[in-house]
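Chain by chain, the residues:
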Amino acid sequence: MGSRDEPAPPWRRRVGRWLLRATCAAGLAAVVAIASPSDAATRYDPRLRFRTWPTEHFDIHAHQGEEVLAARLAPIAERVRRRFEASLGVPRGRVQVILVDQTDVANGWATPFPYDTIEVTAVPPLEEDLIGNTTDWLELVFTHEYTHILHLDRSRGFMNGVRHVFGRAPLVFPNQFLPIWQIEGLATYEESRQTGEGRIDAGDFRAIVDTAARQGRFAPIDRANGGLDDWPGGNSAYAYGAYFHQYLSDRFGPARIDALADATAGRLPLFGAGAFHQVFGKSVGTLWRDFAAWRASPAGAQSTTDAAARRLTTDGFVVAAPRVAADGWIYYSTSNADGFPALLRLRNGERDRLAWRVAGDRTSVSGDWVVFDQVALVRSVALLSDLYAVPRNGGAVIQLTHEARAAQPDVSPDGRRIACVALRPGRHILALLDFDPRARDTPPRVLIDDEASDFSGPRWSPDGARLVAGRRHAGGYELVLVNPADGSLQTLVRRADARLITPSWSADGRTILFAADPGDAPFNVFAVDVATRAVRQITDSLSGAQAPEIAPDGSLVYIGYSAGGYDLYSLPPAFLLRSPSDRSADPLPGNSRVREQPEAAEQPAVVPRSYAPLRTLAPTYWEPIAQTDAGETQLGVSTGMSDALGRHTYSAWAAWSAARARPDWSASYAYDRWRPTMFASYGDDTDPVRDGETRMRQVFAGALLPFRHIRWSQTLLAGVNAEHDDTICAEPCHSLTRDLRSLRGGWLFDSRRLFAYSISAEEGAAVEAAIEGSRATGPASGTAAAMVLDARLYQRVLSRHTVLALRLAGASSRGDTVAQRIFSAAGNGPLPAAFDFGNGAIGLLRGFDPDDVIGTHAAVANADLRFPLLRVQRGAGTWPFFVRALHGAAFVDAGTAWDASFSGDRIRRAVGGEISTDTILAYTLRVTLTAGVAWTHDPVAARDRAAYFARLGYAF
């Protein structure tokens, strides 16, 4: 839905389930797939107790504290459905809607697989956000996500016939495989078309496209398809896609937009581009070039503000939350494609980092302290905002509140109180708390809580007697003055059609600066006289100016926008004393963004009931399987399902070969209502061997307990494994039977980071430790124990995104031969950090076959120097691939395996190089393709030779 974080793409949920289905027989690997955050595991806080509000066409699942919001969403959902009936139609069944309040970041997502599902977070977007142009955020976000359901859950012609055969399998939804600009562009276009608000009419959103056009950086169609790392990143699909749909609608009529959704739904997945010629009579490439010409403006055009502004930073991407201190230091946050988000300070070109900072909307300075907000993961799943403080000259960060959902702090002039907002379901309230860095977990006190209003950006007056804050409600936007003693307020500025954001005071307390977006223009800075309420315009930037701050020297510091993102700019003091030459009589002119009041309709009372997972657990699809296993060709079917809240997840498959009537089959299940995630899997696999066959049956059950934080995670595993193997064959082969029972445990720590411009994991480590105790029974019995250790370290060296990656791993199995494990030290990878007791658990010795270096003990050391070669960031039209970057690596590997005793004379070695390309396939699926050459030294075989290899993914 939003600009802050993109909605989960359709691929993400599908891939999680494909992994789940594909790895069932492997037991432990299935557990990792089940527990993947891309699917159901730990999706919702166990403290949340959901109930269901059924309407005529929707099931709304909401938890305690959301009763009022769920009741408000019920008529909205039915009203939005009626609006779309004449254009995009209606879904084929009931839609599952999840309303959840466990994150302080506004967002939503939708998917048609395995059934139509929408999730809406109970968080209104800030007015200053790219998704903030709304006075009814709940209707806006639902409209956007419901558009996805109507668009993606479509099949026509041949594809509809395929759907009748296979059900709701992923490949029967052709519109899921369109470029991201087409999927998100339509939903963003419809959010404005249906509500009269939203992003189409928002000047700051429009600036993404118009500023790029003005500065000669208008995006070609391939850079909007999906996968772009350069600014505007994921927002490119939303912005370019939305205005492209608007262009097509204006030129050909809205009915053609609806016809396009039908036309692409009848084509094979990934071949939807041809529908444009069918609907519009021109290719999509030609139409995009026409669109670019339509958005073009004179190159180098500047306003008075843009010509006079001095750029203070060149960070780009997202620069936010600036605050100018009395000594001239500017404190602000930055987030870009190169590193971890941070709180920085700047003065006269000197810049340093005070703290790491994730998100956060305001910064405040008081005495020796900087107070700020940021989000953190709580209970491994909830993303909540709290207030923090750090010494101005650097030092340890202190957390002031704990799970208070507090944000946008401002410290009073006497340094004793903090004004802030706190989140409640569907709204932000105004709150106060005492500021004492020595006190921890100070709870905010409610100052104003109005269910019909959403407050933002409180700022203390210089004398500490008043607060100014933004207020949004159904009637529009206001700046209000608040008495902190009793919470009384009075309106300072009111507009029905322009957002009023980021207010700040002049030093004398007579004037309040703020930003507003009148008409379809981007934000610009305005000033209001507190006594007379007179408003005048200060800046006229073509690309935008917001978050105004008056520096000690009288200059105006603000956040401006360019085609590379947001940065800090300043204007000379004289700018505050005059208005642009073309100033109109009304500095905040009206515009067409007047929201139509929703039609009144009689709505039956919605009576909630207990959440019933069985209602959404019946399979909705099946898929054919064609595979080769141990030299046999097998044909079969698979299916899987998860209930609406992801508490129960299961998958199963069965495949037959011509040689046997009995199928190979597997089934797995995970329960995720509470922590930890409980799982179980069973597999039955028969393979030919000489003149007989081996049948292997395996049961694996256990629990997986993750502890996730933003900068690191830990995962604990406990499980029980049972295997029964029967080998039946003719002489001279010996028939064998073995039963193996094992207890397994593991710990995985991961602090690696992967930024948008990274070519590899960097700035962190991953450590895995796993142990297994086994007992074998049957004709031969015995016991054994196995241990696996794997440690990896990633460090930037030489230049940005050049990474030195080091790895040391070992595996050992001791005990009776019948129960022992065999490990390989060799292989070309990839080798992800994951619990694994198989033959290839640690093997990475490039250029050697895994079967050549095996034993009951194995050890491996690897060193890679990974370096960027070219940041490509291009595709080819609407073809479903996009090349992100090319990078190379020089490596040194050493490893050995042994049974009885270790010998240094048997260590194999390899040196060589790799070249890789990071590619986005099918618009959302990131794949790294690698080719390499290794010069190997094998003292056992007494030979040196060159070996060539290829793989998908990183070596480690």
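About the cut-offs
Residues numbered from 1 in each chain as written. Predicted model: local features only at pLDDT ≥ 70, side-chain atom pairs only at ≥ 80, totals over all residues. Heavy atoms only, no water. Helix = DSSP H or I, 4+ residues; strand = E, 2+ residues; numbered from the N terminus. Buried < 20%, exposed > 50% of the residue type's maximum accessible area, 1.4 Å probe, protein only. Contact = heavy atoms within 4.5 Å. Core = buried A, V, L, I, M, F, W, Y, C linked by side-chain atoms within 4.5 Å. Polar contact = N/O pair within 3.5 Å; in protein donor to acceptor, adjacent residues only side chain to side chain. Phe/Tyr/Trp six-rings, centres within 6.5 Å; stacked < 30°, edge-to-face > 60°. Lys NZ or Arg CZ within 6 Å of the ring centre and 35° of its normal. Patch = residues over 30% accessible without salt bridge, like charges linked within 9 Å, V, L, I, M, F, W, Y side chains within 5 Å. Areas by Shrake-Rupley, 256 points an atom, 1.4 Å probe, with all protein chains shown as cover. Salt bridge = Lys/Arg side-chain N within 4 Å of Asp/Glu carboxyl O. Pairing = 2+ DSSP bridges. Axes fitted to C-alpha atoms, helices over the stretch in contact; angles between N-to-C directions. Parallel < 35°, antiparallel > 145°, perpendicular 65-115°, else oblique. Left-handed = near helix turned anticlockwise from the far one by under 90°. Expected span 1.5 Å × (residues − 1).

### A word on the overall build of the protein chain
Across its full length, the protein chain holds twelve helices and 48 strands. Reported as C-alpha extents along the three principal axes, the dimensions of the protein chain are approximately 105 × 60 × 50 Å. Sorting the 956 residues of the protein chain into buried and exposed places 60% on the buried side. Taking the contacts inside the protein chain whose residues are at least 6 apart along the sequence as the reference set, 58% of them involve residues at least 24 apart.

### With respect to the nonpolar core
In this structure, Trp181, Phe205, Tyr240, Phe244, Phe276 and Trp288 are the most contacted members of the largest nonpolar core, which totals 56 residues. It is helix α8 (residues 235-252) that provides the largest number of residues to this core, a total of nine residues. Once you skip the residues sitting within four places of it in the chain, Tyr240 turns out to touch Ile208, Val209, Ala212, Arg217, Phe218, Ala219, Ala224, Trp288 and Phe291. Core analysis: the next-biggest nonpolar cluster, separate from the first, contains 29 residues, Phe679, Val788, Ile842 and Leu845 among them.

### Description of the environment of Gln64
One can find Gln64 in the loop between β2 (58-63) and α3 (67-84). Here Gln64 falls in the partly exposed class, since its relative accessible area comes to 28%. Residues Gln64 and Arg49, 15 residues apart in the sequence, show an inter-C-alpha distance of 6.1 Å. In this structure, Gln64 is in contact with Arg47, Leu48 and Arg49, ignoring residues within four places of it in sequence. Among the polar contacts made by the side chain of Gln64, one reaches the main-chain carbonyl oxygen of Arg47 at a distance of 2.8 Å.

### A word on the side chain of Arg323
Topologically, Arg323 is positioned in strand β7 (residues 318-324). Residue Arg323 is classed as buried on the basis of its relative accessible area of 13%. Within polar-contact distance, the side chain of Arg323 engages the backbone oxygen of Thr363 at 3.2 Å. Polar contacts involving the side chain of Arg323 include one to the side chain of Asp410, which spans 2.7 Å. Not counting residues within four places of it along the chain, the set of residues in contact with Arg323 comprises Trp329, Ile330, Tyr331, Thr363, Ser364, Val365, Asp410, Arg459 and Glu549.

### Looking at the packing of aromatic side chains
Given two aromatic rings, one states the distance between the centres and the angle between the planes to describe the pair. For the structure on display, the rule yields 39 aromatic pairs. Ring pairs connect the aromatic residues Trp181, Phe218, Tyr240, Phe244, Tyr247, Phe252, Phe276, Phe280, Trp288, Phe291 and Trp294, which therefore count as one cluster. Lying across the ring of Phe700, Arg744 places its NZ or CZ 5.0 Å from the centre.

### Section: a nonpolar patch on the surface
A cluster of nonpolar side chains, namely Phe158, Leu268, Leu270 and Phe271, defines an oily patch on the protein surface of about 420 Å² accessible area. Within the secondary structure, Phe271 is located in the loop between α9 (254-264) and α10 (275-280).

### Side note on the sheet that holds strand β20 (residues 467-473)
With respect to topology, four strands assemble into an open sheet ordered β19-β20-β21-β22, the strand pairing being antiparallel. Strands at the two margins of the open sheet, each flanked by one partner only, are β19 (454-460) and β22 (489-495). Across this sheet, the average inter-strand angle for adjacent strands is 25°, counted without regard to direction. When β19 meets β20, the two strands line up antiparallel, connected through five bridges. Residue pairing for β20: Arg459 is matched across the bridge by Val468.

### Side note on the packing of α3 against helix α4 (residues 137-152)
At a closest axis distance of 10 Å, the pairing of α3 and α4 adopts a crossing angle of 50°. Put simply, α3 runs oblique to α4. Where α3 crosses over α4, the two elements pack in a sense that is right-handed. Where α3 abuts α4, its residues Leu69, Arg72, Leu73, Ile76, Ala77, Arg79, Val80, Arg81, Arg83 and Phe84 lie against Trp137, Leu138, Glu139, Phe142, Thr143, Tyr146, Thr147 and Leu150.

### Brief notes about the pairing of strand β33 (residues 648-657)
Successive residues of a regular strand alternate their side chains across the two faces of the sheet. For β33, a buried count of seven out of ten residues is recorded, marking the element as mostly surrounded by other parts of the structure. Bridging between strand β32 (residues 632-642) and β33 involves nine bridges; their strand directions are antiparallel. Bridge assignment links Leu635 to a residue of β33, and that residue is Trp656. Counted along the chain from β32 to the antiparallel partner β33, the turn is five residues long, and its residue Gly646 has a positive phi close to 70°. Hairpin connection from β33 to strand β34 (residues 664-671): six residues lie between these consecutive antiparallel strands.

### Considering the pairing of strand β4 (residues 108-111)
Going residue by residue along β4, you find Gly108 and Ala110 tucked away on one face and Trp109 and Thr111 tucked away on the opposite face as well. Alignment of β4 against strand β5 (residues 117-121), held across four bridges, turns out to be antiparallel. Across the sheet, the residue bridging to Thr111 is Thr117, located in β5. Once β4 ends, the chain turns through five residues before running back antiparallel as β5.

### Considering the sheet that holds strand β26 (residues 535-537)
An order of β23-β24-β25-β26 is seen for the four strands of this open sheet, with the pairing classed as antiparallel. In the strand order of this sheet, the two ends are held by β23 (500-505) and β26, each with one partner. Sheet twist, expressed as the average angle between the axes of neighbouring strands with direction ignored, equals 30°. Where strand β25 (residues 524-529) meets β26, three bridges bridge the pair, whose relative direction is antiparallel. Note on β26: the bridge partner recorded for Phe526 is Gln537.

### Observations regarding the environment of Glu127
Structurally, the position occupied by Glu127 is in the loop between β5 and α4. Judged by relative accessible area, Glu127 falls into the buried class, the value being 2%. Taking the C-alpha atoms as reference points, Glu127 and Thr616, 489 residues apart in sequence, are found 36 Å from one another. For Glu127, the side chain forms a polar contact with the side chain of Ser456, separated by 3.4 Å.

### Considerations on α3
The end-to-end C-alpha distance of α3, which contains 18 residues, comes to 26 Å, matching closely the 26 Å that a straight helix rising 1.5 Å per residue would cover. Taken together, the buried positions of α3 are Leu69, Ala70, Leu73, Ala74, Ile76, Ala77, Glu78, Arg79, Val80, Arg81 and Phe84. Those residues of α3 hidden inside the fold are in contact with β1 (50-54), β2, β3 (95-100), α4 and α6 (180-195).

### Describing unusual backbone geometry
The peptide bond linking Trp231 to Pro232 adopts the cis configuration, its omega dihedral lying at 10°. In this fold, Pro232 is placed in the loop between α7 (203-214) and α8. Note the cis peptide between Gly829 and Pro830, where omega equals 5°. Among the structural elements, Pro830 can be located in the loop between β42 (823-824) and β43 (854-855). For Leu270, which is not glycine, the phi dihedral falls at a positive 75°. Position of Leu270 relative to the elements: it lies in the loop between α9 and α10.

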